[in-house]
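Observations on the three-dimensional arrangement
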2 protein chains.
Amino acid sequence: MAAPPGSERDPDPEGRAAARPLLTDLYQVTMALGYWRAGRAQDTAEFELYFRRCPFGGAFALAAGLRDCVRFLRAFRLRDADVQFLASVLPPDTDPAFFAHLRALDCSAVTVRGLPEGSLASPGVPLLQVSGPLLVVQLLETPLLCLVSYASLVATNAARLRLIAGPKKRLLEMGLRRAQGPDGGLTASTYSYLGGFDSSSNVLAGQLRGVPVAGTLAHSFVTSFSGTEVPPDPMLAPAAGEGPRVDLAARVEVWLELVCAHLGLGAQAPHRGERAAFVAYALAFPRAFQGLLDSYCVQRSGLPNFLAVALALGELGYRAVGVRLDSGDLLQQAWEVRGVLRTTAARFQVPWLESVPIAVSNNIDEEELARLTQEGSEVDIVGVGTSLVTCPRQPSLGCVYKLVAVGGQPRMKLTEDPDKQTLPGSKAAFRLLGPDGSLLLDLLQLAEEPPPQVGQELRVWPRGAREPLTVRPAHVEPLLKLWVQQGQLREPLPSLAESRAFAQQSLSRLSPAHRRLESIRPCQVALSEQLQALVDRLRAQAVL
Amino acid sequence: MAAPPGSERDPDPEGRAAARPLLTDLYQVTMALGYWRAGRAQDTAEFELYFRRCPFGGAFALAAGLRDCVRFLRAFRLRDADVQFLASVLPPDTDPAFFAHLRALDCSAVTVRGLPEGSLASPGVPLLQVSGPLLVVQLLETPLLCLVSYASLVATNAARLRLIAGPKKRLLEMGLRRAQGPDGGLTASTYSYLGGFDSSSNVLAGQLRGVPVAGTLAHSFVTSFSGTEVPPDPMLAPAAGEGPRVDLAARVEVWLELVCAHLGLGAQAPHRGERAAFVAYALAFPRAFQGLLDSYCVQRSGLPNFLAVALALGELGYRAVGVRLDSGDLLQQAWEVRGVLRTTAARFQVPWLESVPIAVSNNIDEEELARLTQEGSEVDIVGVGTSLVTCPRQPSLGCVYKLVAVGGQPRMKLTEDPDKQTLPGSKAAFRLLGPDGSLLLDLLQLAEEPPPQVGQELRVWPRGAREPLTVRPAHVEPLLKLWVQQGQLREPLPSLAESRAFAQQSLSRLSPAHRRLESIRPCQVALSEQLQALVDRLRAQAVL
């Protein structure tokens with residue numbers, strides 16, 4: 001193995017190297033040449049990045065990915081090797097001056113406005129507004145979509161699961177192995193945390209992004225023990241540090257007989273390899289012992305073995321931190337396990353044992369999570385993997401990045417499909433709230449219009465409606481914040497933990513109707529009269 | 001912008017940096033401590049990585065990801081910062097000797113067998129067999145799952161789409177913006193190509209992995225032009241290089257009048273901004289001009305503008321390379337567009353014009369692809385994004401990595417769910433074929449058993465069956481190849497293009513029944529009598 005011993009500096013301390021300037025669609029590059037050849041590389045242009053419908057059939061989405069976008073923009077430079085590769089796929093007679101232009105390219109003239117991470121985002125309201133020289137802001141399309149779209153999708157998915165579970169259950173993301181490769185997994189762990197999960201199994205997300213990490217043991221650990229192994233040091237000192245060390249395995253055998261008698265089991269029933277594994281784990285983690293109960297049989301083996309080890313640890317002043325179930329009917333088993341924990345706690349007078357947390361996992365989706373967290377459930381911790389990171393109900397948010405203005409002039413795409421039409425012009429966006437802080441609607445208007453005034457009546461055009469609507473907002477919040485101005489960061493970006501807290505605050509403002517996971521009434525978005533008039537005018541001009 | 005100009009060496013020339021040793025679940029690390037504390041770090045163990053069911057309800061899957069796994073293994077070393085991070089999440093009184101062990105860890109004692117990339121893989125047959133010291137092969141679980149699972153899933157998805165489209169249609173992967181972040185996109189592009197796509201829009205996949213890249217222009221390019229722009233150089237030389245340069249825009253206006261008269265349209269109907277965009281693109285790419293037809297209206301604007309530019313280019317000896325449609329009924333429009341191309345080619349006596357390729361895109365899934373590639377369709381090129389990279393029918397292959405032997409002794413997990421039981425023991429796998437080369441079944445047997453012999457009768461136990469079956473194979477192929485022995489690569493890994501060719505060869509051997517995309521009969525996997533006896537024995541022992 002050729003790799004040198006591990007003491008070098010990390011060249012990519014946040015693990016963002018996968019996003020490089022060439023992480024883009026080839027048509028962005030061919031269009032760059034087209035713009036350049038037409039003398040338009042430096043034309044000022046503005047693009048908006050948004051989604052068309054809230055994901056998963058719900059009424060809300062969380063904005064995420066801004067931080068990654070800003071990092072990407074600020075580091076954006078094409079290396080010589082990048083330019084050489086582009087030269088190899090463009091026509092051989094391409095003007096060398098174009099490649100010189102690419103070599104000098106950066107984002108020092110790019111300005112970015114956007115929703116703070118963790119904000120509620122509405123369909124058609126820009127998550128990002130990106131303006132700057134036409135050639136470079138066009139090149140940014142694919143990487144920005146790639147960085148925002150999945151981040152926002154998985155954050156929203158996590159938020160839905162958090163709403164289902166309620167604030168008290170602990171939710172662990174454990175989908176790394178089911179994600180789209182390494183960085184897919186890192187992105188999933190980061191933004192599941194933003195959306196409301198408590199922790200992740202993904203160690204790299206802990207190291208690079210500060211996500212709290214959690215995990216104990218798998219079936220392979222349990223099945224790797226046959227019971228014939230001899231631990232080099234079976235002795236454990238008491239938790240308080242004083243008193244003689246004790247042979248833990250021997251004490252466990254004593255407790256096992258008592259436990260089996262209490263449960264009416266033969267002392268041969270519990271698998272000895274499983275018990276050896278539990279003892280080994282307890283020796284390594286006496287303060288954090290968790291029993292994985294279902295490698296062989298929960299009732300006849302996993303549970304009695306766990307109880308014997310937990311009681312032996314208890315004698316020494318340690319408290320087991322929980323049990324985990326990974327197959328079968330998890331709700332039913334949690335009830336049964338809790339029952340046994342209660343009677344055993346009472347029988348041996350160890351009150352803490354009855355409330356050790358029960359953790360469950362095994363392909364848990366929204367429906368199963370609702371069942372597992374229903375009133376009276378004995379489940380305390382839920383691990384969610386596949387259905388969180390792959391978002392099977394809707395595995396893509398379908399964000400788009402559309403040109404809305406060039407040289408200050410509005411642009412609009414009509415297409416054969418009304419759903420794919422764009423909203424022209426450089427815009428501002430405001431959230432209008434009622435007197436109780438409830439969400440009335442999100443308003444899109446032209447950038448030059450005065451902001452809506454609190455308490456003043458306003459005629460707006462809900463998207464898709466044929467009639468205007470009159471609203472009188474009690475509160476008005478501007479939605480789009482200036483983050484990067486001409487390449488310069490205007491203010492520090494919130495940390496992941498801050499964005500996570502902001503997301504929970506955002507979700508708490510959702511009305512009960514919008515909080516519903518299958519919504520009949522998505523958040524309303526409306527256009528100002530001036531913006532609606534511009535849309536009508538451009539449409540009429542194009543369809544002569 | 002602080003980044004230095006781009007001339008430094010690429011620290012990650014294949015873009016694999018996202019896979020690092022800490023890209024793993026925390027429980028792998030806690031178990032590592034458990035094994036170490038129990039004196040078992042160096043015990044010899046063997047794990048198998050496999051999936052339980054063919055994805056998408058079909059009867060086949062393609063193996064992929066081996067190359068990434070081998071690279072990962074060979075580079076596997078924990079850096080000081082990694083070990084420090086692990087120390088921060090493990091108990092504070094953890095023995096420092098454990099961290100010294102981690103610092104010295106590598107894969108120099110790890111051996112890997114597996115299916116070559118592009119092979120047909122069956123449920124329960126190992127994609128990878130990984131053996132070596134228990135502690136390190138346990139640590140590898142999550143990264144190997146992460147590297148194999150999505151790669152195999154998306155390769156299989158691409159193969160299904162290729163089977164639907166048939167060998168002649170050109171298929172372009174364009175899902176980068178819909179993938180799970182940057183590396184998700186790179187993985188998707190790489191393995192879609194392996195599965196049978198012709199090219200990708202993803203430039204980075206071209207640069208780092210050698211995937212052919214393709215792309216022309218987007219709606220934003222078209223809508224960015226109003227028609228008032230003045231190109232700095234509107235002149236174009238003839239294709240053959242001889243003769244005077246011509247003002248392309250002026251010639252286009254001449255042709256537009258002729259085209260509109262031919263089509264019965266007013267010459268004001270085609271959008272002048274769209275036409276200016278087409279001219280600009282043609283000036284940059286005279287040999288590769290493609291018209292994107294649906295920014296405004298295909299019949300009244302996009303198509304006549306395309307024809308005017310294509311005919312003006314034609315005068316100079318250039319041939320347009322195609323048109324693209326991105327909205328509406330793509331099959332119907334392709335017919336209509338082909339009709340106009342034919343009458344226009346005849347009217348102006350430019351025969352090549354009638355057969356310019358028609359490319360389509362817009363949320364194309366398996367059903368729509370089948371419609372678009374039916375007999376008589378005029379569609380030549382299909383771009384697939386979301387439904388290829390997100391695999392919405394089944395966004396995870398659900399691979400697992402299970403312990404099968406420790407110290408040469410078989411291990412088995414029973415669990416509360418028969419589906420999650422494992423097959424014990426170190427194994428060999430063979431594909432048994434009939435006289436016509438058709439697939440009879442894949443046979444799993446214990447490593448020490450003699451291989452099945454051609455022409456000899458064999459009693460085997462199909463998985464899940466209660467009765468054995470007798471087969472007489474006409475051909476026998478060993479499935480698992482030795483790739484890495486004690487950390488040393490045994491032979492060069494096939495290139496991506498070689499694996500792609502091998503995948504097409506593998507798929508061509510599928511019987512019509514297995515080629516069906518909704519299968520009633522998945523590939524059969526059977527156990528040898530000895531392996532079945534071992535399963536029965538271990539199950540009986542555990543359920544005393």
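A brief report on the enclosed structure follows. None of these values were measured; they are calculated from a predicted model.

**Things to note about the overall build of chain A**
From N to C terminus, chain A includes 18 helices and 23 strands. Along the three orthogonal principal directions, the C-alpha set of chain A runs to about 90 × 60 × 40 Å. For chain A, with 544 residues in total, the buried portion stands at 62%. Here the contacts in chain A between residues at least 6 apart in sequence split such that 74% fall between residues at least 24 apart. Total accessible area on chain A stands at roughly 19,600 Å², and carbon and sulfur atoms take up 52% of it. Measuring between centres, the 54 positive side-chain charges of chain A sit 2 Å from its 54 negative side-chain charges.

**Quick word on the packing of aromatic side chains**
One pass over the full model with this rule turns up 22 aromatic pairs over all chains. Through a chain of ring-to-ring contacts, the aromatic side chains of Tyr35(A), Phe221(B), Phe225(B), Tyr281(B) and Phe285(B) assemble into a single cluster. In this structure, Arg40(A) packs its charged tip against the face of Phe225(B), placed 4.2 Å from the ring centre.

**Details of the relation of the copies chain B and chain A**
By a simple turn and slide, chain B fits onto chain A: the slide is 0.0 Å along the axis, the RMSD is 0.0 Å, and the turn is 180°. Seen this way, the second copy is the image of the first under a two-fold rotation axis. Looking at the interface residues of chain B, 100% of them are also at the interface in chain A, so both copies use one shared face.

**Focus: the pattern of salt bridges**
Residues and elements named next belong to chain A. By the definition in use, this model includes 54 salt bridges over all chains. The salt bridge involving Glu-378 is made with Arg-342; its shortest N-O contact spans 3.0 Å. On the criterion of sequence distance, the pair formed by Glu-378 in the loop between helix H14 (366-372) and strand E13 (381-384) and Arg-342 in helix H13 (residues 330-348) is long-range, its members being 36 residues apart. Among the residues examined, Glu-378 registers a relative accessible area of 16% and is labelled buried.

**Some thoughts on the interface of chain B and chain A**
Contacts between the two partners involve 137 residues from chain B, matched on the other side by 138 residues from chain A. Roughly 11,000 Å² of surface becomes buried between chain B and chain A when both sides are summed, with 58% attributable to carbon and sulfur atoms. Connecting chain B to chain A are 8 salt bridges. For Glu229(A), the salt bridge identified is with Arg40(B), shortest N-O distance 4.0 Å. Per element, the largest residue contribution to the side of chain B that touches chain A is 10 residues, and it comes from helix H1 (residues 26-37) of chain B.

**A word on the sheet that holds strand E3 (residues 111-114) of chain B**
Strands pair in a sheet through their backbones, by hydrogen bonds, and they do so in one of two ways: parallel or antiparallel. Residue and element names in this part refer to chain B. The 7 strands lie next to each other as E15-E14-E1-E5-E3-E21-E22, forming an open sheet whose pairing is antiparallel. One side of each edge strand has no neighbouring strand; the edge strands of this open sheet are strand E15 (409-410) and strand E22 (488-489). Pairing between E3 and strand E5 (residues 128-133): 4 bridges, direction antiparallel. Within the sheet, the bridge partner assigned to Gly-114 lies in E5 and is Leu-128. Seen against the sheet, helix H6 (residues 141-165) touches strand E1 (44-50), E5 and strand E14 (400-406) and runs at an angle of roughly 135° to E14.

The rules we used
The residue numbers shown here count from 1 along each chain, following its written sequence. Working convention: letters from A go to chains and numbers from 1 go to ligands, in the order in which they are written. At least 70 in pLDDT is required for a residue's local features to be given in this predicted model, at least 80 for side-chain atom pairs to be given and counted, and no such filter applies to totals for whole chains, interfaces and linings, which use all residues. The basis for every side-chain value is the complete set of non-hydrogen atoms in the structure, without hydrogens or water. A run of DSSP states H or I qualifies as a helix once it reaches four residues; a run of E qualifies as a strand once it reaches two. Both are numbered from the N-terminal end. Exposure classes here rest on a 1.4 Å probe applied to the protein chains alone. A residue is buried below 20% of its type maximum, exposed above 50%, and partly exposed in between. Two residues form a contact once any of their heavy atoms are found within 4.5 Å. Methods summary: accessible areas were calculated by the Shrake-Rupley approach with a probe of 1.4 Å, and residue burial reflects only the protein chains presented. Here Asp and Glu are counted as negative and Lys and Arg as positive; His is not counted, and neither are the chain ends. To locate a charge, take atom NZ for lysine, CZ for arginine, CG for aspartate or CD for glutamate. Aromatic pairing here means that ring centres of Phe, Tyr or Trp (its six-membered ring) are within 6.5 Å. Orientation follows from the plane angle: under 30 degrees is stacked, over 60 is edge-to-face, and everything else is tilted. Charge-over-ring placement is defined geometrically: NZ (Lys) or CZ (Arg) within 6 Å of the ring centre, and within 35 degrees of the ring normal. We place the copies in one frame by least squares, fitting the C-alpha atoms of every residue whose pLDDT is at least 70 in both. Here a salt bridge means any side-chain nitrogen of Lys or Arg lying within 4 Å of a carboxyl oxygen belonging to Asp or Glu. Here the buried area means the combined drop in accessible surface, using a 1.4 Å probe, for two parts upon being joined, counting both sides. The pairing criterion is simple: DSSP has to find at least two bridges between the two strands. All axes here are fitted lines through C-alpha atoms, helices being fitted over the stretch that makes contact, and every angle between N-to-C directions spans 0 to 180 degrees.

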